[in-house]
Amino acid sequence: MKYDVIIVGSGFAGSVLARCFADKGKKVLIYEKREHIAGNMYEEVLENGIRVHKYGPHIFHTNQKEVLDFLKKYGEWYFYEHKVLGKINNKLVPIPFNFKSLELLYEQTKALEIETKLKEEYKDTDKVSILSLINSQDKTIKEFGEFVYENVFRNYTAKQWNIKISEIDKSVIDRVPVVLGYDDRYFNDKYQFMPKDGYTKIFENLLDSKNIEIKLSTNALEDLSIKDNKVYLKGKEFKGKVIYTGAIDELFDYKFGPLPYRSLKLVFENYDMNYYQPTSVLNYPNEEDYTRITEFKYFSNQIIDGSTTILKEYPLKYDYKDKTKVPYYAIINPSNIEKYNKYFELVKSIPNLYMCGRLAEYKYYNMDAVIFRALELFKEIEN
Ligand SMILES: Cc1cc2nc3c(=O)[nH]c(=O)nc-3n(C[C@H](O)[C@H](O)[C@H](O)COP(=O)(O)OP(=O)(O)OC[C@H]3O[C@@H](n4cnc5c(N)ncnc54)[C@H](O)[C@@H]3O)c2cc1C
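Going along each chain's sequence as written, the residues are numbered from 1 onward. In view of the model being predicted, local features appear only for residues whose pLDDT reaches at least 70, and side-chain atom pairs are presented and counted only at 80 or more, with totals across whole chains, interfaces and linings using the full set of residues. Excluding hydrogens and water, the side-chain figures rest on all heavy atoms present in the structure.

J.: Account for the nonpolar core, with residues named and values stated.
T.: When a protein is soluble and globular, its nonpolar side chains tend to lie buried together. Here, nonpolar core means buried Ala, Val, Leu, Ile, Met, Phe, Trp, Tyr and Cys residues that are tied together by side-chain atoms lying within 4.5 Å of each other. Between buried and exposed lies partly exposed: a residue is buried under 20% and exposed over 50% of the maximum accessible area for its type, with that area taken using a 1.4 Å probe on protein chains only. Residues Phe12, Leu118 and Phe144 are the most contacted members of the largest nonpolar core, which totals 89 residues. Whether two residues are in contact is decided by their heavy atoms: any pair within 4.5 Å suffices. Dropping the residues within four chain positions of it, Phe12 is found in contact with Met41, Leu71, Phe203, Leu206, Met367, Val370 and Ile371. Core analysis: the second largest hydrophobic core is formed by 30 residues, Tyr254, Ile350, Leu353 and Ala360 among them.

See the structure below:
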């Protein structure tokens, strides 16, 4: 087949673009270095019949109707509002921290005093950042902010990013909310859903087109190369569009050095019991080496008696030379962005090469944001 478009990677970025081009009659070739499609959204069924998210728990949430409408074409979704608990001082309390968390961790009179002060101080909002609490002139509010910071935020962040608290960007701390009420949803987006038959099925439907061919277990860089601002496919210049959703530093053979990421060790455990914990995700900010435990039956609504599967996530250093490690979270800071920009300058000089997705753009994208970005890129370059 003669291809019009080559796409590297079959996560949401690559698969959405592949489908958009295929629907316009373009012949698309996808390279995927893993042995399966769906990128980090891939779900597999274990021997006990439970469907698990192989690369960590993924919950779909968005305020963008366009993204939801697009996804609905490729499978059924069911309403799912994510709720998270955190183990703090041996109690399970709602995360983000809310009035119920407060009442579980403080004795009643003190809890009421804090709630009253918070309501007075922050009349016009239902959320406040920890930083605002810590900087409050009111002693009670300030102490409460410091308590939440110490018990919910500090160790979790240090574990996740392996950096000293003093090095954490103020904007990150500023993003952590305390809910001034009893809303215990983890996300506030208008649309919150999970795929009825799992994410892998959504991808199978997305990629089900006579115009799409997929090469699994193949690193595209074995066939693709770049020379004199041109892209070559197996040594011959490729003049069609090339959409790259892999790591930008790998594409250019790390010539400006590797872009740093955090990785995760994911440990799945099976138990002969109906449920292991009272909610889908339980955060462990303090005592344990893992950050959270996910129990998948809550996501898939599967009724399987006497068996359950959980996942423990241990944050880990990423090393691009170690092919067993996955680059999960870009470490976004000014010097890494500067390095990224150097790579991106190279991309700009190649007219038919486009970057899309979390690795190619070195960004933290939620699923909805990456789908939106892919749809927008398609509008820009479809002709
Ligand atoms: C632990 C974790 C939990 C998350 N939870 C949520 C959540 O609850 N909700 C949410 O909205 N978002 C969540 N996200 C974000 C979500 O995972 C991303 O938005 C999404 O993965 C981005 O899709 P992508 O296509 O850019 O990347 P990916 O899904 O990583 O796809 C890129 C694909 O490219 C392939 N590839 C790379 N290089 C090459 C190459 N050279 N040749 C061939 N193939 C190549 C890779 O194998 C991969 O399959 C989470 C992220 C993490 C890390």
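J.: Explain the sheet that holds strand S11 (residues 191–195) to me, and be specific about the residues and the numbers.
T.: A pair of strands is considered paired only if DSSP assigns at least 2 bridges between the two. In DSSP terms, a helix is any run of H or I states spanning at least four residues, a strand is any run of E spanning at least two, and both are numbered starting from the N terminus. With antiparallel pairing, the three strands of this open sheet are ordered in space as S5-S11-S6. The sheet is open, and its two borders are formed by strand S5 (60–62) and strand S6 (77–79), each paired with just one other strand. Sheet twist, expressed as the mean angle between neighbouring strand axes with direction ignored, is 35°. To obtain an axis, a line is fitted to C-alpha atoms, over the contacting stretch when the element is a helix, and the angle between two such axes runs from 0 to 180 degrees between their N-to-C directions.

J.: Let's hear about the sheet that holds strand S15 (residues 236–237): which residues, and what values?
T.: Across the sheet, three strands lie side by side as S13-S14-S15; this open sheet has antiparallel pairing. Whereas interior strands pair on both sides, the edge strands pair on one side only; in this sheet they are strand S13 (224–227) and S15.

J.: Lay out the site of the ligand in plain terms, naming residues and giving numbers.
T.: Only a single heavy atom is needed: when it lies within 4 Å of a molecule or strand, its residue is near that molecule or strand. Among the 33 residues in the neighbourhood of the ligand, the closest are listed as Glu32, His58, Ile59, Tyr365 and Met367. Under this definition, polar contacts are N or O atom pairs within 3.5 Å; protein pairs additionally need one hydrogen-donor-capable and one acceptor-capable atom, and for neighbouring residues in sequence, both atoms have to be side-chain atoms. In the model, an oxygen atom of the ligand is placed 3.0 Å from a nitrogen or oxygen of the Ala13 main chain. Within the contact set of the ligand, an oxygen atom lies 2.9 Å away from a backbone nitrogen or oxygen of Asn40. For the shell around the ligand, the elements supplying multiple residues, two or more each, are helix H1 (12–23) and helix H12 (367–381). Partitioning the shell around the ligand into residue classes produces 17 nonpolar, 12 polar and four charged. All residues other than Ala, Val, Leu, Ile, Met, Phe, Trp, Tyr, Cys, Pro, Asp, Glu, Lys and Arg, Gly among them, are scored as polar; the first ten of these are nonpolar and the last four charged.

J.: Give me the lowdown on H12, citing residues and values where you can.
T.: Here the expected length of a helix is defined as 1.5 Å per residue gap, with one fewer gap than residues. Along its 15 residues, H12 runs 21 Å from first to last C-alpha, staying within 8% of the 21 Å computed at 1.5 Å per residue. In this structure, the buried residues of H12 make contact with H1, S5, helix H2 (65–72), helix H8 (199–206), strand S16 (241–244) and strand S22 (353–355).

J.: Which residues make up a nonpolar patch on the surface, and what are the values?
T.: Patch criteria: residues need more than 30% relative accessible area and no salt bridge. Like-charged residues are merged within 9 Å; nonpolar side chains of Val, Leu, Ile, Met, Phe, Trp and Tyr are merged within 5 Å. For every accessible area listed, the method is Shrake-Rupley and the probe measures 1.4 Å; residues are considered covered only by the protein chains on display. Basic side-chain nitrogens of Lys or Arg form a salt bridge, by our definition, when they fall within 4 Å of a carboxyl oxygen of Asp or Glu. On the surface, Ile332, Ile337 and Tyr364 cluster together into a nonpolar patch covering about 300 Å² of accessible area. Mapped onto the elements of the fold, Tyr364 is located in the loop between S22 and H12. Using a relative accessible area of 53% as the deciding quantity, one classes Tyr364 as exposed.

J.: Could you give me a rundown of the side chain of Ser10, with the residues and numbers involved?
T.: Tracing the backbone shows Ser10 in the loop between strand S1 (5–8) and H1. When its relative accessible area of 0% is taken as the criterion, Ser10 is described as buried. Among all residues touching Ser10, those that are not within four sequence positions of it are Ser15, Ile30, Glu32, His36, Ile37, Ala38, Gly39 and Phe203.

J.: Talk me through the domain arrangement of the chain; I want residue IDs and the actual numbers.
T.: For the chain, the domain assignment lists domain 1 (5–80 + 194–259 + 330–381), domain 2 (84–179) and domain 3 (261–317). What counts as a domain boundary in this text is fixed by an automatic or database domain assignment. Of note, the centres of domain 1 and domain 3, computed from C-alpha atoms alone, are 27 Å apart. Taken together, the contact pairs 21 residues of domain 1 with 21 residues of domain 3. Buried area counts how much accessible surface, traced with a 1.4 Å probe, disappears from two parts once they are put together, with both parts' losses summed. Between domain 1 and domain 3, a total of about 1700 Å² is buried, with carbon and sulfur atoms accounting for 61% of that surface. For the domain 1 face of the interface with domain 3, the top three residues by lost area are Asn48, Ile50 and Pro57, together amounting to 30%. On inspection of domain 1 and its partner domain 3, the count reaches zero salt bridges. A per-element tally of the side of domain 1 that touches domain 3 places strand S4 (residues 51–53) first, with three residues. Looking at the side of domain 1 that touches domain 3 residue by residue, the classes come out as 14 nonpolar, four polar and three charged.

J.: Give me the packing of H2 against H12: which residues, what numbers.
T.: Contact geometry of H2 with H12 gives a least axis separation of 9 Å together with a crossing angle of 90°. Regarding the angle of H2 to H12, the classification is roughly perpendicular. Counting all contacts with H2, which are made through Glu66, Val67, Phe70 and Leu71, the residues of H12 involved are Asp368, Ile371, Phe372, Leu375, Glu376 and Lys379. Class assignment for the residues of the contact of H2 with H12 results in six nonpolar, no polar and four charged. In what follows, roughly perpendicular refers to angles from 65 to 115 degrees, roughly parallel to angles under 35, roughly antiparallel to angles over 145, and oblique to any angle outside these ranges.

J.: Any chance you could break down the pattern of salt bridges for me, citing the residues and the numbers?
T.: Counted according to the given criterion, the structure contains 22 salt bridges. For Arg185, the salt bridge identified is with Glu81, shortest N-O distance 3.3 Å. Of this pair, Arg185 sits in the loop between strand S10 (177–179) and S11 while Glu81 sits in the loop between S6 and strand S7 (84–88); the two residues are 104 residues apart in sequence, bridging distant segments of the chain. For Arg185, a relative accessible area of 22% gives the class partly exposed. Note on Glu81: relative accessible area 28%, which makes it partly exposed. The salt bridge involving Glu345 is made with Lys348; its shortest N-O contact spans 3.0 Å. With Glu345 and Lys348 both in helix H11 (residues 334–348) and three residues apart, this pair spans about one turn of that helix.

J.: Please provide a residue-by-residue account of the packing of aromatic side chains, values included.
T.: When two rings of Phe, Tyr or Trp (its six-membered ring) have centres within 6.5 Å they constitute a pair, described as stacked for plane angles under 30 degrees, edge-to-face for angles over 60, and tilted for the intermediate range. Across all of its chains, the model carries 28 aromatic pairs by this definition. Summarising the aromatic geometry, the rings of Phe79 and Phe193 are spaced 6.4 Å apart at their centres and angled 80° between planes, so their arrangement reads as edge-to-face. Here Phe193 lies in strand S11 and Phe79 lies in strand S6, a separation of 114 residues in the sequence. When its relative accessible area of 14% is taken as the criterion, Phe193 is described as buried. For the ring pair Tyr275 and Tyr298, a centre distance of 4.9 Å and an interplane angle of 40° mean the geometry is tilted. Here the residue Tyr275 occupies a position in the loop between strand S17 (261–271) and strand S18 (281–283), and Tyr298 occupies one in helix H10 (residues 297–300), the gap between them amounting to 23 residues. Assessed through its relative accessible area of 23%, Tyr298 is described here as partly exposed. Ring pairing ties together the aromatic residues Tyr261, Tyr318, Tyr340, Phe344 and Tyr362, which thus form one cluster. A positively charged side chain is recorded as over a ring if its NZ (Lys) or CZ (Arg) lies within 6 Å of the ring centre. The angle to the ring normal must also be within 35 degrees. The ring of Tyr55 has Arg34 lying over it, and the distance from NZ or CZ to the ring centre is 3.9 Å.

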